[in-house]
There are 2 protein chains.
Amino acid sequence: MTKLKNDTLLRALLKQPTEYTPVWMMRQAGRYLPEYNKTRARAGDFLSLCKNPDFATEVTMQPLERYSLDAAILFSDILTIPDAMGLGLYFAEGEGPKFERPLREEREIRSLTAPDPAVHLKYVMDAVSQIRKTLDNQVPLIGFSGSPFTLACYMIEGRGGTDFRQIKTMLYKRPDLLHHILNITAQSVTDYLNAQIESGAQAVMIFDTWGGVLSHSAYQEFSLRYMKQILTGLKREHDGERIPSVVFTKGGGLWLESIAESGCDALGLDWTINIAEARNRVGHKVALQGNLDPAVLFSTPEIIATEVEKILKDYGSGSGHVFNLGHGISQFTPPESALTLINAVHSLSKKYHS
Amino acid sequence: MTKLKNDTLLRALLKQPTEYTPVWMMRQAGRYLPEYNKTRARAGDFLSLCKNPDFATEVTMQPLERYSLDAAILFSDILTIPDAMGLGLYFAEGEGPKFERPLREEREIRSLTAPDPAVHLKYVMDAVSQIRKTLDNQVPLIGFSGSPFTLACYMIEGRGGTDFRQIKTMLYKRPDLLHHILNITAQSVTDYLNAQIESGAQAVMIFDTWGGVLSHSAYQEFSLRYMKQILTGLKREHDGERIPSVVFTKGGGLWLESIAESGCDALGLDWTINIAEARNRVGHKVALQGNLDPAVLFSTPEIIATEVEKILKDYGSGSGHVFNLGHGISQFTPPESALTLINAVHSLSKKYHS
């Protein structure tokens with residue numbers, strides 16, 4: 001059994017009482033930190049950084065050395081699964097991730113198989129174990145995966161930042177093929193997250209970065225359905241501890257009710273929804289994580305504190321809120337702004353927990 | 001007084017009874033049409049196409065010659081106003097629009113003035129008059145403008161497709177400067193739309209393409225507020241006819257109630273919201289325009305008809321619905337798909353109007 005020195009995050013995700021609102025930041029180990037850029041330069045490139053457990057541990061720990069964050073999150077790439085499926089992940093300089101062999105042909109799609117995380121993704125599990133050791137039960141470690149739909153976007157388009165034409169054409173013209181890809185991918189994500197839990201992840205999060213580009217009905221059928229499938233197969237306990245789960249669909253504010261029924265413990269919110277409205281709609285079922293616009297961190301300490309206070313006040317009294325940004329922190333964020341944010345959440349939130 | 005042969009669109013926008021659901025497509029005069037590409041090649045470049053009333057008329061009319069659309073929409077660029085303000089609009093080959101002199105310095109911002117549409121945007125008004133003549137009262141002509149926030153995104157970022165870092169930094173750090181830009185731009189849009197109405201536009205639409213990137217409260221303060229300001233200053237009648245107005249915020253599904261109170265006659269919807277839900281929330285106040293995912297047009301005639309029927313059925317019986325895509329038609333759309341769509345809307349919608 002673990003004895004966490006600070007388990008505020010886990011309690012908040014399970015809607016248990018806490019003394020203050022816990023906070024972490026999506027992409028908290030990232031390019032806005034000069035020490036991250038130094039490690040990355042030593043690693044050579046981004047994939048080497050992800051695939052080497054020593055480097056992954058080092059960058060995971062960096063934001064925790066600077067800030068009193070309430071959680072660590074595994075440093076890894078969102079595309080480890082399609083990479084392990086053999087699609088040939090690579091990073092072209094100055095561009096995002098790409099695949100050498102995007103999924104287009106039925107034959108290739110039908111021969112897709114779920115990778116064995118103990119074999120093909122062992123480097124991730126090694127990183128999880130090593131980070132847990134290094135963390136020494138200071139704060140919990142969050143594991144994560146992309147959602148099946150989000151992974152499929154990259155797998156079919158071959159890269160990010162597209163108009164989603166390839167995947168949407170398949171969705172409307174050959175839904176059977178897309179369902180096949182999503183089904184294999186959902187199995188893979190389930191195995192992957194369960195392996196992370198067995199290796200030491202104390203909470204897990206599913207990032208549905210692209211679900212918001214779907215129509216209301218396509219979202220249910222092609223994104224949420226497969227996240228439900230994962231949640232059904234997820235280990236809910238490990239070493240006698242509950243493992244809370246978070247689902248985050250960027251741009252999913254219209255669909256909160258159905259996401260809250262997916263079986264997750266908490267919902268991630270982007271900044272387009274008022275958290276008071278979100279709590280009113282689904283707060284009886286799930287905890288909420290969010291939802292400051294990351295661009296607020298480009299402003300002054302006073303404005304950052306004001307915007308933090310607005311969200312805390314909108315959420316209101318009681319537990320069930322994990323403070324976070326509504327999306328990953330920008331690489332252009334001054335590191336002092338993150339410090340202001342974290343300290344503001346801790347000091348301003350105490351009055352809502354008494 | 002005009003005697004329109006087909007005024008179905010205008011009646012639907014005003015929630016008056018119609019015999020079927022009218023339909024048009026955002027960006028219906030565009031690159032998916034081979035005849036458009038030919039005219040564009042003759043014009044030399046995109047700006048010459050926009051600035052020459054003969055060419056603008058020609059491409060506005062092209063989709064009406066192919067399809068039984070219920071409206072024409074002025075062919076023009078969304079960035080005519082910032083261009084007239086002197087920001088130096090240009091199109092780099094293979095990239096989107098850019099400005100030579102994006103707004104960053106306070107001095108430049110304070111010296112911004114609203115262009116006189118009769119002088120600086122005369123080419124647009126000439127196009128409107130000429131299109132009206134060519135249309136010969138067949139269907140109504142829709143005039144349009146970008147929303148102040150959307151125009152400000154381009155004016156401050158200097159181009160589209162960015163992370164909105166410059167405008168959001170200004171929004172949070174120097175809201176006074178952004179309000180100044182938005183105020184001048186809102187005055188400009190009001191004058192511009194009123195000049196279009198005087199030149200013959202029979203309905204107007206405000207495209208808030210980027211409002212959806214804002215937080216719920218920033219949307220109210222920096223986007224919706226200035227669209228309200230425009231709607232307050234808009235001519236509601238011309239030549240004895242009501243001029244209906246449409247507001248479309250892409251990604252604005254969470255905010256429909258407040259948009260419906262802006263003073264517009266109709267709301268544009270993207271495909272992320274179920275139109276039944278939208279009607280339930282705001283259908284007592286406004287007409288609704290939308291909301292097929294443009295990617296449906298990459299599929300088969302059967303699937304296009306099925307998806308059209310779903311939306312018609314979701315909206316249900318009675319007037320107040322203008323069928324449209326949830327965003328501009330893709331340049332990769334087969335022109336036959338647009339034909340299938342338009343015919344499906346006309347034939348399948350009759351039973352909902354009896």
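Up top you'll find the structure we're talking about.
Rules and cut-offs
- Per chain, residue numbering runs from 1 following the sequence as it is written.
- Numbering of ligands from 1 and lettering of chains from A proceed in the order in which they are written.
- Local features in this predicted model are restricted to residues whose pLDDT is 70 or higher, and side-chain atom pairs enter the listing and the counts only when it is 80 or higher, whereas totals over whole chains, interfaces and linings include all residues.
- Comment: elements are numbered from the N terminus, with helices defined as DSSP H or I runs of at least four residues and strands as E runs of at least two.
- For this measure, only C-alpha atoms enter the radius of gyration; the expected value for a globule follows 2.2 Å times N^0.38, where N is the number of residues.
- Note on burial: count the other C-beta atoms lying within 10 Å of the residue's C-beta; 20 or more is buried, 12 or fewer is exposed, in between is partly exposed, and C-beta positions come from the backbone.
- Any residue pair is listed as a contact if its two C-beta atoms, each placed from the backbone, are within 7 Å.
- For helices, the fitted axis covers only the stretch in contact; all axes are lines through C-alpha atoms, and the angles between them, taken along N-to-C directions, range from 0 to 180 degrees.
- For this classification, under 35 degrees means roughly parallel, over 145 means roughly antiparallel, 65 to 115 means roughly perpendicular, and everything else is oblique.
- A clockwise turn of the near helix away from the far one marks a right-handed crossing, whereas an anticlockwise turn of less than a right angle marks a left-handed crossing.
- When the copies are overlaid, the least-squares fit takes in C-alpha atoms only where the residue has pLDDT of at least 70 in both copies.
- Strand pairing follows a simple DSSP-based rule, namely that at least 2 bridges must link the two strands.
- Every crossover in which the path from the first strand over the helix to the second runs clockwise, viewed with the strands pointing away from the viewer, is termed right-handed.
- Polarity classes work like this: nonpolar for Ala, Val, Leu, Ile, Met, Phe, Trp, Tyr, Cys and Pro, charged for Asp, Glu, Lys and Arg, and polar for all others, with Gly in that last group.
- Note that the arc is defined by the directions from the helix axis to the C-beta atoms.
- Residue count minus one, scaled by 1.5 Å, sets the expected span of a helix.

Caption draft 1: Examining the overall build of chain A more closely. The secondary structure content of chain A amounts to 16 helices and 11 strands. Against the globule reference of 20 Å for 354 residues, chain A gives a C-alpha radius of gyration of 19 Å, in line with a compact fold. Taken over the C-alpha atoms alone, chain A extends approximately 60 × 45 × 40 Å along its principal axes. Burial analysis of chain A (354 residues in total) assigns 55% to the buried set. Sequence-distant contacts, at least 24 apart, represent 72% of the contacts inside chain A between residues at least 6 apart.

Caption draft 2: Representation of the packing of helix α9 (residues 148-157) of chain B against helix α11 (residues 175-199) of chain B. Residues and elements named next belong to chain B. It is the contact of α9 with α11, at a shortest axis distance of 9 Å, that shows an interaxial angle of 120 degrees. Relative to α11, α9 is oriented oblique. α11 is crossed by α9, and the crossing has right-handed handedness. Taking contact as the criterion, the partners of Pro148, Phe149, Leu151, Ala152 and Met155 in α9 are, on α11, Leu178, Ile181, Leu182, Thr185, Ala186 and Val189.

Caption draft 3: Region of the structure containing the relation of the copies chain B and chain A. With an RMSD of 0.0 Å, chain B superimposes on chain A once it is rotated by 180 degrees and translated 0.0 Å along the axis. Here the copies are linked by what is in effect a two-fold axis. Within chain B, the C-alpha atom positioned nearest to the axis of rotation is that of Leu254(B), 3.1 Å from it.

Caption draft 4: Representation of the interface of chain B and chain A within the structure. Contacts between the two partners involve 25 residues from chain B and, on the opposite side, 25 residues from chain A. Looking at the side of chain B that touches chain A, the element that brings in the most residues is helix α10 (residues 165-173) of chain B, giving 5 residues.

Caption draft 5: Local environment of the environment of Thr169(B). With respect to the secondary-structure elements, Thr169(B) resides in helix α10. Residue classification places Thr169(B) among the partly exposed residues on the basis of 18 C-beta atoms within 10 Å. The contact partners of Thr169(B), leaving out residues within four places of it in the chain, are Ala295(A) and Phe298(A).

Caption draft 6: Looking closely at the sheet that holds strand β9 (residues 266-268) of chain A. All names here are of chain A. Spatially, 7 strands are ordered β1-β4-β5-β8-β9-β10-β11 in an open sheet, and the strand pairing comes out parallel. Each edge of the open sheet carries a strand with a single partner, namely β1 (72-73) and β11 (321-325). Sheet strands touched by helix α8 (residues 122-135): β1 and β4 (141-146). Its angle to β4, the strand with the most contacts, is close to 155 degrees. This element, helix α12 (residues 216-233), spans β5 (203-208) and β8 (245-249) of the sheet and lies at about 165 degrees to β5.

Caption draft 7: Region of the structure containing the sheet that holds strand β8 (residues 245-249) of chain B. Residues and elements named next belong to chain B. Taken in spatial order, the 7 strands line up as β1-β4-β5-β8-β9-β10-β11 in an open sheet, and their pairing is parallel. Of all strands in the sheet, those bounded by a partner on one side alone are β1 (72-73) and β11 (321-325). Sheet topology note: the strand β5 (residues 203-208)/β8 ladder contains 5 bridges and is parallel. Residue Phe207 lies in a different strand from β8, and its bridge partner there is Phe248.

Caption draft 8: Inspection of the environment of Gly211(B) at higher detail. All names here are of chain B. Counting through the fold element by element, Gly211 comes out in the loop between β5 and α12 (216-233). The buried category is assigned to Gly211, around which 28 C-beta atoms lie within 10 Å. The spacing of Gly211 and Ser223 is 12 residues in sequence and 6.1 Å in space, taken between C-alpha atoms. Contacts of Gly211, omitting those with residues within four sequence positions, involve Ser147, Phe149, Thr150, Tyr219, Ser223, Thr249 and Gly252.

Caption draft 9: Highlighting the environment of Glu336(B). The residue Glu336(B) is located in helix α16 (residues 335-349) in this model. Sequence spacing of Glu336(B) and Arg66(B) is 270 residues, and the spatial spacing of their C-alpha atoms is 9.7 Å.

Caption draft 10: Looking closely at the pairing of strand β10 (residues 287-292) of chain B. Residues and elements named next belong to chain B. Of all 6 residues in β10, 6 are buried; the element is thus mostly enclosed. Where strand β9 (residues 266-268) and β10 come together, 3 bridges link them in parallel fashion. By the bridge assignment, Gly268 is partnered in β10 with Gln289. One crossover worth recording links β9 to the parallel β10 by way of helix α14 (residues 275-282), and it is right-handed. One ladder, built from 5 bridges, connects β10 with β11; its direction is parallel. Looking at β11, one finds that Gln289 is bridged to Val322. Remark: the β10/helix α15 (residues 301-315)/β11 crossover connection has right-handed handedness.

Caption draft 11: Spatial organisation of the packing of helix α4 (residues 53-66) of chain B against helix α8 (residues 122-135) of chain B. Residues and elements named next belong to chain B. Look at α4 against α8: their axes get within 8 Å of each other, and the N-to-C directions meet at 45 degrees. By the angle between their axes, α4 is oblique relative to α8. Every pair of crossing elements has a handedness; the one defined by α4 and α8 is right-handed. Contacts from Pro53, Ala56, Thr57, Thr60 and Met61 in α4 reach Tyr123, Asp126, Ala127, Gln130, Ile131 and Thr134 in α8. Among the residues forming the contact of α4 with α8, the class breakdown is 6 nonpolar, 4 polar and 1 charged.

Caption draft 12: View of α14(B). All names here are of chain B. Of the positions making up α14, those classed as buried are Ile275, Ala278 and Arg279. Considered in projection along α14, the buried side chains sweep an arc of 100 degrees and stay on one side of the axis. Looking at the buried residues of α14, the elements they touch are α13 (256-260), β10 and α15.

Caption draft 13: Fine view of α4(B). Counted at 1.5 Å a residue, the expected span for α4(B) with its 14 residues is 20 Å, and the 21 Å between its end C-alpha atoms agrees. Contacts from the buried residues of α4(B) go to α2 (34-43), α3 (46-51), β1 and α8 of chain B.

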